[in-house]
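Residues per chain are reported as follows:
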Amino acid sequence: MRNLGEKGRQNELELLIQNKPIKELTDTLCATMCRSEGITYWNYLLLGFNPDSQEAREKRFACVRSFMDGLRSMELSYKQTFDLITRLSQDLVTFSSDQLAWIVEHCIDGLRLGDAKCVGWKDLLPDALSLLSARPRFLLNGIYVEGAEYRMTTVRSISTMQWPSTILTPIADMFKNMNLSNTEVVTVLNKFSGALQDLSPMELPALCFQLFSMCTTASQLIIPLLALEKYFHRNFYKRLFSDMCSNSTNLDSIGESNFFGIFFFGFILLKYSPVDAYSDKELREAEETILHHLNYCTMYKLTEKHLAIMLRNFQHMPDVVLTPFMLSAIISMTTINRDPESARTSHSILLPFLRNVIKNNEEERTLANYSVWYRDTLQRKQVDLQQVFAVLIDQNKDGKDVITPGLVHLIFYLLKSHSPKMHTLSITFLTKFIRKRFIFGQGIIKLISEWMIVYQDQNQFSECLTLLSVADTYTVSECIKTIQNVMEHMQWLSGEQAMRMMNFILPLLKISNRVRDALIDVLCKSMSSSGIQKRRMAIYGFCMILKQLNNSNAVRQTSSATSFCTQHSISGYSMMTQNTLGSRSNPQRNFDMLTLEIIGMLRNCLQQQYEIRCTLYENLQRAVELNAKLVPHVLQVIDWHFRSFFETPAAEDAGDDLDTVFRIRYDQLVTASDEQHMEIQLNDNLGQLIQFVANCLSIFERAPTGYDTREMNRLISFCERRMVANRLPLEDIAPPATHLKCALVLQQLNIIEGLISHLLLRSKPQNDAVSQILPLFNQHLKLLENLKTLAGASKKNLKQSAKQTGNNSSRFNTLNLTMNGVPVKSMCTQPKNIWDLATLEKLLHLLLDDVVAFAAPEKTTLLRSNQPLVRYTISMTAHKLESIRQEPDYKQLSYSKRTFKQLADITKVIYERCIRRLPQLWSEFDMASSALAAQCFTECLRTAHQTYPKKFHEFVRVFDMASLNKSKEVTYIVQDVLDEFMSEYGSDEAMCNDDSIAKVPVYLLEALEILLDHIEFGERAASESYTWLLRFCNKYEILNGEMGLVHRMLFTQRQKTHSGPFFESIARQLGHVLGTQNDNLALDSMELSLKSISTVTAESCLQHLYAAVQKQLTDVDYFITKANNLNYKCQIVPETDQIYWRGNLDAMDRSICTQIIHISRTLLWLTHLCIPLGSSMDGLMKLLIQHYTCLKNLAKHYISCFLSDGSVENIRSTKFELLLRDVGKQLPANVYELITYIEANTLDEEAQQLIKKRKVQAERAKILRETRLIPKVIMVIEDFNKHIILLSKKTKTQNRLTDYLHLGTMRDFDIKSTDLKAAIERSLSDGRNISEGDSSAEDQEDAVEEDAQSTTYPADKSEEEAEAEVEPEEVEEPVVIEKETQRRRRAPSSESEVTQPKRKRGRKPASEKQECNAETAQDSSKTKNPKKDSNKQSKRTTQAASDENKRPKRSTEKKEENQREKEVTEVAKPEKPAVKDRPQISRRLGLGRSAKK
């Protein structure tokens, strides 16, 4: 056969095979299949069969059957099997249908056997099945079958059979070649997703490659990805995260006995627990290979846009996306990860998607702490991204950089966002990443530095670089080019931005002299700049360098003399002086030289502007406090400058008594540029300078060597004694007020404050420095009174000049007031205290503590008993703490340990000495000091809350010693103080009259709110605080409106610790205060009765209730979107997991419906209330819009979830039908009544002003403002009804959901012909009588004013008779007056008048209905006139209107005014309403109109 085949003798070959028996052919085939010539024999054997001969076809099929059996029984190589089957596939076209069907069945039998060595069926089955599907119809087992149907049945049977785990990869390869439809692909992928969970890690990559190749759309790709995420989480990441959590256990809190018990228990578990089936190395290698296959298979088939469209269904499911494997999978498919060099980050779509998912996760973590319902509905814990990022960093540090580029760019996306939480995550990641992968450090730092320069309005980039510089200083210091580039840009950027950028360079100065010298060069250039901000930046930088200088890092880069800058203009000292100060044998030589050089450049600032000097004092003082070795050099420079402000003989020439000449040179501090003293030039602040010198002297006293400070001490001592003895000549500050006098008073105030700082710093138990504080403060008080006097005199002068010369000139004089060239609004500005936190802390200890270490007890008694001093100190402390929150970003106080300690120490003094003793303080001292102490405590907590949010618990532990001395915690202390205050002053009228008494509980409640905000929901104090707040509101009636914030605290704590209905009872109680539109509502049966809700607090309580319900609706709306995502996941997970996820979805739907039912019932009561128009009513309308939008989204969710008839039961089981039954009709009916109420009250207020000149534009704007939200409310209601109708049509149930809907209200209007005709005829009659006298018009106007002020609007009888004579047929009320009757309920003014109340009061009695019907019939009979008369009347009306348009404007306005007067006087005196047995609740506009926000 081989010879004949190779020679091409086809006929002889066919004849040979025809003559051979089948047995010989099959035996030869079986014998040669295992050998290398097997494929040759098989090829010529198939060529020798004549396809036109029936006998040859039968013989061929017999050989094929033998060949197929041989494939099962023989072990062949993959190449041999592939070659043999490929040759057979070429002739499959010539096979009959029954033969092809046998081959298909044989392949399926081989698939069932599951032999991994014999998988030839995977290549043969797709071809055979494809040929059969192409045949329209064939006979199989005596039955005609269509080819497409046969293929579909075969694929379905393969998909439903049990697949052996050993041949999953060949099965996947077979399916990949079968050209499956999308539905079949999804079915197969779901089958594989369940089957791959039992595979080993080494088997996964090959199978995943086949599955990824099978996927053609993103919706198909997510199926195997979810299955792989489940696999790796169960086998690897679950154990890894558990180990990470166990490693973070605080072993210090475990006792010895407990520790050994835990150790023994862990040893037993380790010994007897089953060993993990797979090693971590195998799992990691499998994951890396899978990610590689995923990237390769999706590179050209799927774009980021396709993936983002699919993944948006998981945007609100962070627990699915933010896992290590899923996050790695998504990042591996991004363009920026595949090509980080050329791809642009801004073009990425998946990275913004991941950023949004991370944002949602962080919001879930935050909101879960403030809502029980939120936590219960989440069902799973939130993702800890810090752990996820830590795992990804550890996985990539071994060189497996599959996702490293994409991961770093994702962090960059987080850093560029506008969320502080995202910034914290990204900065923490980069800090850890650069430590472990420092090879990427320079590129990352370069990018962030470029963004820092470009995005100057964003602080996160400079903050990130600063933290990186502190955490990994050596890596950052190697980025020399980047640092030089930043320094170059610092010279042309704004001063504040440059200072912000400088912060990341400062930590490098300790280890890099090169960076330090380059920074000094930049600062020297900035020092010579003409801009004040640039010079301030240079001062800040030089002082930061001085702060970090020591002996080890002060060496200059070069050793030549030029590095010292020996010129006098630069360093301030000659080379001889420098060599004298530091010889080479002196270890501090380099430090002294560099310090002198920098201070020599800073000394030039002492001759510059006021702002430059103040910046120098502030920053130099901070540098001296942190680096005490600077003091001798600083004192040497500042000494001559300090002496220049005092005029006194030298110590050798004069004595040390009060008669010695001593004067302060105020002319060097403040000068006036004009004769009127309006243009003021501030040169320096002597008080701040004194405080700076005092700090330097106090530090110098610890090691008094290096400089003579006796003269400076003598000058300060002279100033103190002269000020105490009132012997220091001050400038003239008596009225009349001038701008110069006010500035001098401010300077003198700061001088006294500086002297007090000096006394505090040098105070010791042995001296009497503390005794001089009180006399100095008395002088301070006198100056404050003088300043108030000058301020009053300046205001009087401005008023007098305004009267004499006119407003323009007075405005011109005010604008002429300047200070250092900057216009100011007033002469006397608010004095600014110069005390820093250290001074205030020491002063608080002196005034509040019984014993202090720096003063004798007998010398502090007078100070502690002085009320003005105590009040002023506490007040200044509160203002200083408030100013901390307003400090610029470049100071970075949130990372300052020194400021944190000072803040904690001040809080401890205030808490221990004032708050814990507050009842004693207000009873024995005074209430004003108590209010200031409460304010100061609140400011301390608020500053710590905003500046140090992460360290707040540590901050509380510093000042609250409850854990050490086993006493009450600060939360309970504040609650007890509030209870005692309310029991003593709660019902006192002084709460409304005395500001100090009114402020104490407000400040305490604000402090308590901050403390409660940091209490976790699981702590005992959280539930107890809610109980206390509820008892507080039940027990005390609030007379002060500012205390209404207690309701906000109550609502917040309620949502944090409890679930279920609560706000419905609040709305019902508000009905007692505001009144309701329907008197038949049952308001008496209320479970909750809060005395704190009164007319004083009702409006604020209403706003807090709106905020609480709005937050609930926002949470519900988020969970509706989350339920949509979960529904999508239920559709793509394997069947084995669908029951679990369907159960989670049903539980979430039930929770959502329950919450909306509670919200709807609250809104039912709110829509019944008589809420004031304005912001309160707008808030309710916005709440209704949000509520119905949420309901619409819920209806759309159920529409998307509807799959079969079983969904009807799902709707019932999730309480959605109950929700529609409760609020479907009642709430819209209330809304329509509320709309009528709004319109009636809006038009009523317009009718009250008929007697005045109407402002049409203002009235139109007011009406539009009051009713602008009504169309939106109606639109969202109808939109919700539309979706319910769609859902009802889809469900097709017997009890249709539309039966629960409100049908709506027709709000069209009809013109009353009788009223219109009456108004037209009255206008014509008024036009004929427009020439009446002015006297009669004035009398008529007086009568109208009297009538307008009364509540019944009586009219004169003579006017009624006169009107009846002119118009006998007119008996109905005018149209405008009909609007007026909507304002108050009154009895009809005549028999034919029908009142229209502004709100419904229930059903009318039958008798009233009959009377109304009769009157309506009588009115309609009167309107029936002949057609000709109506035409004539319309012509006359048109002619009259045209005549009126031709008249002058004044006559028209006068006619309209007379018309309004006439209409008002036509009202008859109504009867008194019948008195009811039960007293009526006021149905007026609640508390009156609330202010528009």
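Residues numbered from 1 in each chain as written. Predicted model: local features only at pLDDT ≥ 70, side-chain atom pairs only at ≥ 80, totals over all residues. Heavy atoms only, no water.

1. As for the overall build of the protein chain
A count of helices and strands for the protein chain gives 70 helices and eight strands. When the 1493 residues of the protein chain are sorted by exposure, 51% land in the buried category. When contacts within the protein chain are restricted to residue pairs at least 6 apart in sequence, long-range pairs at least 24 apart make up 77% of them. When the accessible area of the protein chain is evaluated, it comes to approximately 71100 Å², of which 52% is carbon and sulfur surface. (Helix = DSSP H or I, 4+ residues; strand = E, 2+ residues; numbered from the N terminus. Buried < 20%, exposed > 50% of the residue type's maximum accessible area, 1.4 Å probe, protein only. Contact = heavy atoms within 4.5 Å. Areas by Shrake-Rupley, 256 points an atom, 1.4 Å probe, with all protein chains shown as cover.)

2. Remarks on helix H60 (residues 1216–1223)
For H60, the set of buried residues is Phe-1216, Glu-1217, Leu-1219, Leu-1220 and Val-1223. End-on, the buried residues of H60 take up no more than an arc of 155°, which puts them together on one face. (Arc of directions from axis to C-beta.)

3. Description of the nonpolar core
Counting residues in each nonpolar core, the largest one holds 428 residues, and the members touching the most others are Phe-175 and Ile-448. Ignoring anything within four residues of it in the chain, the contact list for Ile-448 reads Phe-412, Leu-415, Leu-430, Phe-461, Cys-464, Leu-465 and Leu-468. (Core = buried A, V, L, I, M, F, W, Y, C linked by side-chain atoms within 4.5 Å.)

4. Observations regarding the packing of helix H38 (residues 710–724) against helix H39 (residues 739–762)
Packing of H38 against H39 brings their axes to within 11 Å, and their N-to-C directions diverge by 115°. Judged by the sense of rotation from one axis to the other, the crossing of H38 with H39 is left-handed. Contacts between H38 and H39 pair Asn-713, Ile-716, Cys-719, Glu-720 and Met-723 from the former with Ile-751, Ile-752, Leu-755, His-758, Leu-759 and Arg-762 from the latter. Of the residues contributing to the contact of H38 with H39, the split by class is seven nonpolar, two polar and two charged. (Axes fitted to C-alpha atoms, helices over the stretch in contact; angles between N-to-C directions. Left-handed = near helix turned anticlockwise from the far one by under 90°. Nonpolar A, V, L, I, M, F, W, Y, C, P; charged D, E, K, R; others polar.)

5. A word on helix H52 (residues 995–1013)
Its 19 residues give H52 an end-to-end C-alpha distance of 27 Å, which sits within 8% of 27 Å, the value for a rise of 1.5 Å per residue. With a side-chain oxygen positioned 3.1 Å from the backbone nitrogen of Ser-996, the residue opening H52 is Asp-994. (Expected span 1.5 Å × (residues − 1). Polar contact = N/O pair within 3.5 Å; in protein donor to acceptor, adjacent residues only side chain to side chain.)

6. Looking at unusual backbone geometry
One non-glycine residue with positive phi stands out, namely Asn-179, at about 55°. With respect to the element layout, Asn-179 can be found in the loop between helix H10 (168–176) and helix H11 (182–195). In this model, Gln-892 sits at a positive phi of 50°, which is unusual for a non-glycine residue. For Gln-892, the position within the fold is in the loop between helix H44 (867–884) and helix H45 (897–915).

7. Some remarks on the packing of helix H36 (residues 631–643) against H38
Two measures define how a pair of helices packs: the angle their axes make with one another and the distance between the axes. Here H36 crosses H38 at 40°, and the two axes come no closer than 10 Å. Judged by the inter-axis angle, H36 sits oblique to H38. Considering the relative orientation of H36 and H38, their crossing is left-handed. Here Leu-635, Ile-638, Asp-639, Phe-642 and Arg-643 of H36 lie close against H38, whose contacting residues are Glu-711, Met-712, Leu-715 and Ile-716. (Parallel < 35°, antiparallel > 145°, perpendicular 65-115°, else oblique.)

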